[in-house]
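So the chains spell out like this:
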Amino acid sequence: MRLKSIGIENFRNHRHLEFDPGQRITNIYGCNGSGKTSILEAIHYCALTKGFSGNSDRDCLMFGEEVFTIRSSFESDQGSETKVAVAYAPSKEKRILVNEQELQIFSRHIGLIPCVTFTPRELVIITGGPAERRRFMDTAICQYDRKYLSDLLQYRRVLQQRNALLSSYGDLAAVETSLEVLTDQLVTHAVEIVAARERFISSFSVMLDEVYRWQPDCAKSAITYHSSLHHHETQLSKKEMQAQFSERYRVLKKQELLRRQTLAGPHRDDLQLYLNGREIRKFASQGQQRAFLVAMKMTMHAYLHEHSDEMPVTLLDDLFSELDAKVSSVMLETLSSKGQVIITSTEKRDGNDITYFSIDEYRKTSGQER
Ligand SMILES: Nc1ncnc2c1ncn2[C@@H]1O[C@H](COP(=O)(O)OP(=O)(O)OP(=O)(O)O)[C@@H](O)[C@H]1O
């Protein structure tokens with residue numbers, strides 16, 4: 001998949017911007033705060049229906065404006081065109097149109113335009129809490145497994161209902177009956193989610209180790225998945241999982257009623273990341289942590305390509321400021337040999353076959369100087 005063109009109105013600091021990236025590497029450059037990340041954010045909206053920095057739709061609306069719009073055109077690896085338009089106004093729901101057809105369910109769009117990002121902020125995948133690692137895993141799986149996204153959404157809905165029930169002050173017998181029904185539903189979705197995560201991580205970890213090998217330290221890398229519902233080295237069948245998870249909730253019931261929340265499940269799971277058998281978060285240097293993140297992203301690119309028919313679009317934000325020259329150029333070369341890469345930097349980067357886009361020049365020529 002490749003982005004052919006994008007047009008942005010009233011999105012963050014861009015009142016109006018038109019941009020046609022190249023086939024391979026495109027370098028968007030400009031001074032700090034000129035709006036480089038904002039362009040990647042807009043591309044991410046078209047691919048995955050929201051931005052990557054955690055900002056809400058409202059945060060992305062230009063201050064003082066009433067509506068932002070993004071119009072884009074993508075070309076698939078087979079040559080067909082997909083047009084994606086996004087419009088948001090606080091007074092209305094966000095609207096997304098794919099080939100002029102309004103999307104009723106945004107989740108159906110996920111996976112159509114595979115996308116991998118790398119931003120310095122994402123180092124929290126390694127150094128931050130479990131939620132960051134779950135997001136990494138979920139973003140990857142959702143892009144090739146439609147069923148997973150639907151299980152995840154349903155799991156979240158049931159979890160919310162279950163937590164509301166646990167924190168309600170209803171009659172205990174009535175609460176227990178409803179709890180049983182909701183627990184059964186929760187277990188059904190949890191089994192699907194945990195099974196998909198286990199499958200993903202076991203093959204992702206093998207691929208990651210191969211990808212990491214070009215790093216100067218040649219360390220052995222691994223990722224393992226830790227489910228809060230079961231601790232088994234060997235993979236269980238779904239039926240076995242179903243029985244185990246139900247039993248786990250039965251044991252936890254008293255505690256859950258006391259603490260008024262669901263204490264185990266995919267929303268509490270985590271990944272553990274290792275270099276040479278030691279946990280990265282605790283023992284690796286900052287440089288090794290960054291290199292590991294690079295390897296994870298490169299693996300995600302390869303993984304998504306293997307599991308969907310399309311080559312992912314890669315968005316690299318501020319890569320050069322965070323990584324040493326060798327690591328960043330290997331990443332850029334490897335990814336751009338396998339698809340389109342759009343990269344931001346404060347200075348124009350030297351290199352062959354690069355399409356350049358200067359935000360400052362664009363502003364001058366379009367009469368939007370700051
Ligand atoms: N809703 C908004 N309306 C107007 N401006 C905004 C909005 N949200 C953010 N901005 C501003 O947009 C500008 C561009 O931010 P962006 O992160 O895209 O810049 P950047 O070129 O990537 O900067 P850096 O090189 O420092 O990372 C910032 O000055 C930011 O304050």
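Please read these numbers as outputs of a predicted model, since none were measured by experiment. (Residues numbered from 1 in each chain as written. Predicted model: local features only at pLDDT ≥ 70, side-chain atom pairs only at ≥ 80, totals over all residues. Heavy atoms only, no water.)

**Focus: the side chain of K94**
Phase 1: Mapped onto the secondary structure, K94 falls in the loop between β5 (81–88) and β6 (95–98).
Phase 2: Taking the relative accessible area as the measure of exposure, K94 reaches 15% and is therefore buried.
Phase 3: Here D57 takes part through its side chain, which lies 3.1 Å from a polar atom of the side chain of K94.
Phase 4: Discounting chain neighbours no more than four positions away, the residues touching K94 are Y45, T49, K50, D57, V86, A87, Y88 and F106. (Helix = DSSP H or I, 4+ residues; strand = E, 2+ residues; numbered from the N terminus. Buried < 20%, exposed > 50% of the residue type's maximum accessible area, 1.4 Å probe, protein only. Polar contact = N/O pair within 3.5 Å; in protein donor to acceptor, adjacent residues only side chain to side chain. Contact = heavy atoms within 4.5 Å.)

**So, the UniProt feature "binding site: ATP" (unreviewed entry) in the protein chain**
Phase 1: Mapped onto this numbering, the UniProt entry annotates "binding site: ATP" (unreviewed entry) at G30, C31, N32, G33, S34, G35, K36 and T37.
Phase 2: The residue G30 is located in the loop between β3 (25–29) and α1 (36–48) in this model.
Phase 3: Residue G30 is classed as buried on the basis of its relative accessible area, which comes to 2%.
Phase 4: Apart from the residues within four sequence positions on either side, G30 is in contact with K36, S345, T346 and D360. (UniProt positions renumbered as here; feature names shortened; annotations may be inferred.)

**A short note on the site of the ligand**
Phase 1: Surveying the vicinity of the ligand reveals 14 residues, the closest of which are G33, K36, T37, S38 and L61.
Phase 2: For the ligand, an oxygen atom lies 2.8 Å from a polar atom in the backbone of G33.
Phase 3: Within the contact set of the ligand, an oxygen atom lies 2.9 Å away from a backbone nitrogen or oxygen of G35.
Phase 4: Coverage of the ligand by the protein amounts to 72% of the 650 Å² it exposes when considered alone.
Phase 5: Looking at which element gives the most residues to the shell around the ligand, the answer is α1, with three residues.
Phase 6: Broken down by class, the residue content of the shell around the ligand amounts to four nonpolar, seven polar and three charged. (Near = heavy atom within 4 Å. Areas by Shrake-Rupley, 256 points an atom, 1.4 Å probe, with all protein chains shown as cover. Nonpolar A, V, L, I, M, F, W, Y, C, P; charged D, E, K, R; others polar.)

**What to know about the layout of surface pockets**
Phase 1: Looking at the largest pocket, its volume works out to about 1100 Å³.
Phase 2: If you go around the largest pocket, you meet 44 residues; those closest to its centre are K50, R135, F136, D138 and T139.
Phase 3: When residues of the lining of the largest pocket are traced back to their parent elements, those giving at least two are α1, β8 (115–118), α3 (124–127), α4 (130–142), α5 (146–166) and α9 (286–307).
Phase 4: The dominant element in the lining of the largest pocket, judged by the number of residues it contributes, is α4, at eight residues. (1 Å grid on protein atoms, 1.4 Å probe; cavity = no way out; pocket = protein on both sides within 12 Å on 5 of 7 lines; lining within 4 Å. Points joined across faces, edges and corners; volume = space filled by probe spheres on them.)

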